[in-house]
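Take a look at the letters that make up each chain.
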Amino acid sequence: MNLADHLPALQVALPLLTAPLVILLRTGFLAWLAALLASLASLGLALLLTAAVLETGTQHYAVGGWQPPFGIALTVDGLSALVLLLITGASSLALAGGRQSLRLDIDNRRAPMFYGAWLIAMAGLCGIAVAGDAFNVFVFMEISSLATYILIAAGRDRRALSAVFKYLIIGTIGATFYLIGVGFIYMMTGTLNFADMALRLNDVIETRPIIIAAGFITIGLALKAAIFPLHIWLPRAYTYAPNAVTVFIAACSTKVSIYVLLRFNYAVFHGNLLGHSDLFAVFIIPLALSGILLASAIAIYQGNLKKMLAFSSVAQIGYIALAAGLASQTGLVAALLHMFNHALAKGTLFLCVVAFVLTSRSATIANLHGIGRRMPWTMAAFVLAGLSLVGVPGTAGFISKWYLVVAVMEVPGWGVPLVVAIIASSLMAVVYLWKFVEVAYYGEAPGDDTAAMEVALPLRTLIWVAALSNVYFGLFPQLPLALAQSGSGTLLGGLN
Amino acid sequence: MGAHTLPVILLLPLLGAVGIAFTGRWPNVREAVSLLTAVTLAILVFSWFPEVAAGARPAVTLSEPLPGLSLALSLEPLGMMFACIASFLWIINTIYSIGYMRGNREKHQTRFYICFALAIAAAMGIALADNLFTLFLFYEILTLSTYPLVAHKGDAKTVASARVYLGILIGTSIGLLLPAIIWTYVATGTTTFTLGGIIQGNVPGPAVGLLLGLFVFGIGKAALMPVHRWLPAAMVAPTPVSALLHAVAVVKAGVFCVTKVIIYIFGVDFLFSQPSAQWLQYVAAFTIISASIVALYQTNLKRMLAYSTIAQLSYVIMATIILKPLAEIGAAVHIAAHAFGKITLFFAAGAIYTAAHKTELWQLAGIGRRMPITMAAFTIGALSMIGVPPTGGFVSKWFILAGAFQAENYLAIFTIIASTALNAMYFLPIIYFAWLAPNAPDVDMEHGEAPPAMLLALGVTAALTIGFFFFNQPLLDLESQLVQSLPL
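Residues numbered from 1 in each chain as written. Chains lettered and ligands numbered in written order. Predicted model: local features only at pLDDT ≥ 70, side-chain atom pairs only at ≥ 80, totals over all residues.

Caption draft 1: View of the overall build of chain B. The secondary structure content of chain B amounts to 20 helices and two strands. Relative to its length of 488 residues, chain B is compact, with a C-alpha radius of gyration of 21 Å against a globular reference of 23 Å. Summarising its shape, the C-alpha atoms of chain B cover approximately 65 × 55 × 45 Å along the three principal directions. The long-range fraction of contacts in chain B, counting pairs at least 24 apart against all pairs at least 6 apart in sequence, stands at 81%. (Helix = DSSP H or I, 4+ residues; strand = E, 2+ residues; numbered from the N terminus. Rg over C-alpha atoms; globule rule 2.2 N^0.38 Å. Contact = placed C-beta atoms within 7 Å.)

Quick look at the structure:
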């Protein structure tokens, strides 16, 4: 075996082992640099894995050489690769762009611990994506959650403490529900491995414990994925977390929970439980729809830019959930693509917020009047990413919305109302974004000072790279599309 | 020229925008760059004319994000004409803008010229779009790039008007046009413009009317009532913007899109056979008559011109929906004829504002004696709106009426005659007062003509308005290619 064969294990091991080393470093700058390098290396690993998946198909890895079902199995297919790219990409973007902002938010003495927690969170999220069995998913979920609570609470804003407490309670309930469900399945099938589970469920279908397990797992993961109305932890957590942390978690953490949700409901249950996909659709589509409409409406009335974007995230998660609930090939492609494209757009938007707060020390919209005239470059990038969020053609958001609309059009009888809902929500997105864009360009600046005050060139460059990637993936979506198609194939494979 | 050079038409104004951004510190250089870009673009666009007139249809695909959904450009008669008009009038408008912006000491002039170049690039993209997806993309870019131009002044009232502008245009395009495009794609598997249409056989009869409705109201830039409100709102912009964009590039992009959709997506013959699509002529007729009546009651010159534009845009839609060859030619020709006439009128309005700071109609009494050149041009433009020979407006009206008779469409004939009378009712009094009435009381008369750059611009467009009456054959030949397959 050469090193390339160990890629799935390295994906988790690299950040996990770097974390304690980072804590030993003395200064915030060195810790940041080490975390950034580890994050970039993970991104490199994820890219290598993606290339391998696209070339030779699913990658299997047995930890320590112990073959499944006894050993721990890691599996990386197109779906996992997509999620890995999201996690490592978001982490790298947030770390690279967040240096200045984090230096202000995090006490220098505690900075090494903070960056250590960051790497542990990333390792946990990567672990969820590569784990081949349900229990390890739980373990990594706990690792990443605990580390994420630290990241959110690490800033100077004391309101983060109550926000993170709420997140902790709800996150723990979600994880417990998940564990209860997994326990039931283990009781009935004697296995934790996803592949085995899918096979052995056949013998015990329609037994009550399995149906209950499906309910517990779905609701537990919906809590962690912040599917409306189980989202109540999300807006405050996103708003009061340090800005760079928001870039990281907003781009990937809920998406990882959706990933597990999809894996369980499609790869495991879909082929085995009679009528499961109907039940799943009945559960998730109404929630998704209310999220799409209500969260967008709530976003319009937010006075804080971060909170507005957080509610927008809840609505966007609704799109993903809606597409996933359709149980069709096109629907799953739409869901996976939107995971990727929304991460691009939201990552860029929150990175712009990092820049705004760096210069004006506030994320309250009233304090950001006239910011567009003072920071024209950052604001233009914000508009570009906002267009992608709305789904204007030529941007990445359009591609996934197009797939979503085509997917709901395939639903007999419900196609038109669903399309109307999606379009109404897109129009609301125009409203809440434009409310900010208008005052940013034409509002009276709050102070007397109206001089230009752009952020430093490296951050500006990074913001523009992120913004232009929204355009690039809108015109050339081949890479995420290939991964989404391969991922949806794997998910529906259990069916066919 | 090879078809692969088509994107240059779009890139050139973009490049110009970059050049303007970098030379913003030196106004003379900046405006030279602007003018140079405009001239180069027009030469480039016109160099394609002979080829397209000879029947060539150059096409190029830039990227294909999804199967059946590509970013592709092509040139056909309608787009060729639109590109020619927009690029040529951009030169004149740039000359005019230089006079206007300097004469009124406007702020943020660099932003103004940049956004203008971007808007022209978007208009070129609309003209060259080979499918609905590409069309939609540039349609949205055009809306976004003109927003800063409308909100140019930046005070609360202007920003509120700009919000109406953006809200209606984005709202209709995402709320109605996008679903129409998706519906077309799902039903037919393509969005490419094809002569003869792609809808036939793919959408059941009654739904055709609904789809048509999604298209024509979704294309808010065509200002069909009740989605016309953005156009009067856009009049808060500096006059060169109203002149080129809200008399030519943006609104013409709207009716251009409608015409293109009817000819290339629905197909003229197919739509003629669909009873469910007939409602559109009633809406167009209603828009023509009621916009003309509203114009009659306006007291502000630019607002009056805006309502006149709304009526004239519906002429094009009316002509298109008559669905007879002569009327289709008339629709295309009216896009050109109205462009020359209306830009002249706006140029004159801007000249009056710059030289005399007058915006209301009652202030214009006797102004013809102080600004003879401006008012002469205004008179020519107004006559073209009414359709009096020898002006361009007569040519298109002739074709539209001929088409209406061909189709025995008495609604169209009646509407056109009634609106001609209404046009005369609101334009002729102005002409009379401006030349012959005694000066209005309490009005400053210590002014002369507008700056020479502006006079040059409005002189050229007034000459074009008359010239179009005599020299319109190349355009007629070009546009008759649209209807070659139909029996004349």
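Right, picking up where we left off after that structure.
Caption draft 2: The overall build of chain A, seen in detail. Secondary structure assignment for chain A yields 20 helices and two strands. Here the C-alpha radius of gyration of chain A, 22 Å, is about what a compact globule of 496 residues would show, namely 23 Å. Seen along its three principal axes, the alpha-carbon backbone of chain A occupies a region of about 75 × 60 × 40 Å.

Caption draft 3: Quick look at the packing of helix 2 (residues 27-47) of chain B against helix 4 (residues 77-103) of chain B. Residue and element names in this part refer to chain B. Contact geometry of helix 2 with helix 4 gives a least axis separation of 8 Å together with a crossing angle of 160°. Regarding the angle of helix 2 to helix 4, the classification is roughly antiparallel. In terms of crossing hand, the pair formed by helix 2 and helix 4 is left-handed. Listed contacts from helix 4 to Glu31, Ser34, Leu35, Ala38, Val39, Leu41, Ala42, Val45 and Phe46 of helix 2 are Ala83, Cys84, Ser87, Phe88, Trp90, Ile91, Thr94 and Ile98. (Axes fitted to C-alpha atoms, helices over the stretch in contact; angles between N-to-C directions. Parallel < 35°, antiparallel > 145°, perpendicular 65-115°, else oblique. Left-handed = near helix turned anticlockwise from the far one by under 90°.)

Caption draft 4: Just unusual backbone geometry, in detail. In the segment running from A:Phe228 into A:Pro229, the intervening peptide bond is cis, with an omega of 0°. For A:Pro229, the location among the structural elements is in the loop between helix 9 (208-224) and helix 10 (234-240). A cis geometry characterises the amide bond from B:Pro389 onward to B:Pro390, with omega recorded as 0°. Looking at the element boundaries, B:Pro390 is found in the loop between helix 16 (372-386) and helix 17 (392-406). Phi at A:Ala226 takes a positive value of approximately 60°, unusual for a residue other than glycine. Inspection of the secondary structure assignment puts A:Ala226 in the loop between helix 9 and helix 10. Phi at A:Arg361 takes a positive value of approximately 65°, unusual for a residue other than glycine. Within the element layout of this structure, A:Arg361 appears in the loop between helix 14 (329-360) and helix 15 (371-374).

Caption draft 5: Broad picture of the interface of chain A and chain B. Across the contact, 20 residues belong to chain A and 21 residues belong to chain B. Looking at the side of chain A that touches chain B, its residues break down into 16 nonpolar, three polar and one charged. (Nonpolar A, V, L, I, M, F, W, Y, C, P; charged D, E, K, R; others polar.)

Caption draft 6: Region of the structure containing the confidence of the model for chain B. Residue and element names in this part refer to chain B. Taken over all residues, the pLDDT of chain B has a mean of 86, while the share at 70 or more is 98%. The spread of mean pLDDT over the elements of chain B runs between helix 20 (residues 473-480), the lowest at 80, and helix 12 (residues 279-296), the highest at 91. As a predicted assembly, this complex carries a pTM of 0.88 together with an ipTM value of 0.81. (pLDDT = per-residue confidence, 0-100.)

Caption draft 7: Focus on the packing of helix 4 of chain B against helix 5 (residues 109-128) of chain B. Residue and element names in this part refer to chain B. The N-to-C vectors of helix 4 and helix 5 enclose an angle of 170°; their axes lie 9 Å apart at closest approach. In terms of axis orientation, helix 4 runs roughly antiparallel to helix 5. Across the interface between the two elements, Gly79, Phe82, Ala83, Ala86, Trp90 and Met101 from helix 4 touch Gln109, Phe112, Ile120, Ala123, Met124, Ala127 and Leu128 from helix 5. When the residues that make up the contact of helix 4 with helix 5 are grouped by side-chain class, the tally is 11 nonpolar, two polar and no charged.

Caption draft 8: Spotlight on helix 14 of chain A. Residue and element names in this part refer to chain A. The terminal C-alpha atoms of helix 14 lie 46 Å apart, and with 32 residues this matches the ideal 46 Å at 1.5 Å per residue to within 8%. Among the 32 residues that make up helix 14, 28 are buried, leaving the element largely enclosed by the rest of the structure. Of the residues trailing helix 14, Arg361 is marked for its positive phi of about 65°. (Expected span 1.5 Å × (residues − 1). Buried ≥ 20, exposed ≤ 12 C-beta atoms within 10 Å, placed from the backbone.)

Caption draft 9: Focus on helix 13 (residues 305-325) of chain A. Residue and element names in this part refer to chain A. For helix 13, built from 21 residues, the straight-helix expectation of 30 Å at 1.5 Å per residue is met to within 8% by its first-to-last C-alpha distance of 30 Å. Counting buried positions along helix 13 gives 21 out of 21 residues, so the element sits mostly inside the fold. Two residues or fewer after helix 13 comes Ala327, characterised by a positive phi angle close to 55°.

Caption draft 10: Main features of the pairing of strand 2 (residues 69-74) of chain B. All names here are of chain B. Within strand 2, five of the six residues are buried, leaving the element largely enclosed by the surrounding structure. Two strands pair when backbone bridges link them, and strand 1 (residues 59-66) and strand 2 are joined in this way by five bridges, in the antiparallel orientation. Residue pairing in the sheet places Thr61 in a bridge with Ala72 of strand 2. The loop that links strand 1 with its antiparallel partner strand 2 comprises two residues; one of these, Gly68, has a positive phi angle of about 85°. (Pairing = 2+ DSSP bridges.)

Caption draft 11: Highlighting the pairing of strand 2 (residues 73-76) of chain A. Residues and elements named next belong to chain A. The two faces of strand 2 match: Ala73 and Thr75 on one face and Leu74 and Val76 on the other face are all buried. Pairing analysis gives four bridges linking strand 1 (residues 59-62) to strand 2, with the strands arranged antiparallel. Looking at the pairing, His60 lines up with Thr75 of strand 2.

Caption draft 12: Representation of the environment of A:Gly127. Residue and element names in this part refer to chain A. Turning to its location among the elements, Gly127 is positioned in helix 5 (residues 111-130). On a C-alpha basis, the gap between Gly127 and Phe165 in space is 24 Å, while along the polypeptide they are 38 residues apart. Filtering out sequence-adjacent residues up to four positions away, Gly127 remains in contact with Val12, Asn136, Phe140 and Ile143.

Caption draft 13: Fine view of the environment of A:Ala267. Note that A:Ala267 resides in helix 11 (residues 243-270). Overall, the presence of 21 C-beta atoms within 10 Å leaves A:Ala267 in the buried class.

Caption draft 14: Just the environment of A:Leu86, in detail. Structurally, A:Leu86 is set in helix 3 (residues 78-97). With near-sequence residues (within four places) excluded, A:Leu86 lies in contact with A:Ala251, A:Cys252, A:Lys255, A:Met339, A:Phe340 and A:Ala343.

Caption draft 15: Fine view of the confidence of the model for chain A. Of the residues in chain A, 98% have a pLDDT of 70 or more, and the chain-wide mean is 88. Mean pLDDT values over the elements of chain A span from 82, in helix 8 (residues 194-200) of chain A, up to 93, in helix 5 of chain A.

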